Amino acid sequence: AQTVTQSQPEMSVQEAETVTLSCTYDTSESDYYLFWYKQPPSRQMILVIRQEAYKQQNATENRFSVNFQKAAKSFSLKISDSQLGDAAMYFCAYRSGGRQGGSEKLVFGKGTKLTVNP
Amino acid sequence: AAGVIQSPRHLIKEKRETATLKCYPIPRHDTVYWYQQGPGQDPQFLISFYEKMQSDKGSIPDRFSAQQFSDYHSELNMSSLELGDSALYFCASSRRTSGVTDTQYFGPGTRLTVL
């Protein structure tokens, strides 16, 4: 079974600074997707960024970018120019690609709580 | 853009009662997923449906059942409620294209409290 590990239960960053959240995963599949979801105090689950395993290029969405190291099974999220609104719980998630018949459910890490200090 | 709609947003029940949670997916999305998130926990997959058929099953108690209807909305039925069922229940939807399911988008969740 696939597992996702987030080794940083809590992180903090100063406003306007850069922070990197770590995520590692374990899988024997070659076709899969990785995601970062943000859960602010409202508890809404908001998609931050998505990465297809077959793509070598790291995904980027405005101030959010990932460092995807497939061989190391590492998928870290970098937040640049941190803003107060970035404060939230961040979950890393894995999903099978589906082509190999695997489950398409999301498997989440335990989350990293990010605090942004003014 | 239209999002996933869940109702009710909050629900308070007594032990041994039943509860029904509803989910309305994003228009043209054909796949629905249910997740349970306990206090301080990560979301756990319960069950999913594609084109009204159950497509996958996770750690869903036998006391729970779910279905997807012809208009693609889904309902999660929970019976003999226990204190441990108190959690945030998310519905997510996605669309399958060429046999591959796209990104899952989450609804706001239903907060269930069992007293």
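Refer to the structure printed above.
In this text the structure is predicted, and so the values were computed from the model without any measurement. (Residues numbered from 1 in each chain as written. Chains lettered and ligands numbered in written order. Predicted model: local features only at pLDDT ≥ 70, side-chain atom pairs only at ≥ 80, totals over all residues. Heavy atoms only, no water.)

(A) Fine view of the pattern of salt bridges. Residue and element names in this part refer to chain A. Under the criterion given, the structure shown has ten salt bridges over all chains. A salt bridge links Asp26 to Lys73, with the shortest nitrogen-to-oxygen separation between them at 3.7 Å. Residue Asp26 is located in strand E4 (residues 24-26), and its partner Lys73 is located in the loop between strand E8 (64-69) and strand E9 (74-79); the two are separated by 47 residues in the primary sequence. According to the relative accessible area criterion, Asp26 is partly exposed, its value standing at 42%. Look at Lys73 and you get partly exposed, because its relative accessible area is 26%. Beyond isolated ion pairs, a larger network of salt bridges with shared partners links Arg50, Glu52 and Lys55. (Salt bridge = Lys/Arg side-chain N within 4 Å of Asp/Glu carboxyl O. Helix = DSSP H or I, 4+ residues; strand = E, 2+ residues; numbered from the N terminus. Buried < 20%, exposed > 50% of the residue type's maximum accessible area, 1.4 Å probe, protein only.)

(B) Representation of the packing of aromatic side chains. The tally for this structure, following the rule as stated, stands at 15 aromatic pairs over all chains. The interplanar angle of 25° and the centroid separation of 5.2 Å between the aromatic rings of Tyr32(A) and Tyr94(A) together place this pair among those described as stacked. One end of the pair, Tyr32(A), is in strand E5 (residues 32-39); the other, Tyr94(A), is in strand E10 (residues 88-96), with 62 residues separating them in the sequence. Tyr94(A) shares its class with Tyr32(A); the two are buried. Judged by centre distance (6.0 Å) and plane angle (35°), the rings of Phe35(A) and Tyr37(A) are tilted. Its relative accessible area of 1% is what places Phe35(A) among the buried residues. In textbook terms, an aromatic cluster arises when at least three aromatic residues are bridged by ring pairs, as seen for Tyr33(A), Phe35(A), Tyr37(A), Phe91(A), Phe108(A), Tyr35(B), Phe45(B), Phe90(B) and Phe106(B). (Phe/Tyr/Trp six-rings, centres within 6.5 Å; stacked < 30°, edge-to-face > 60°.)

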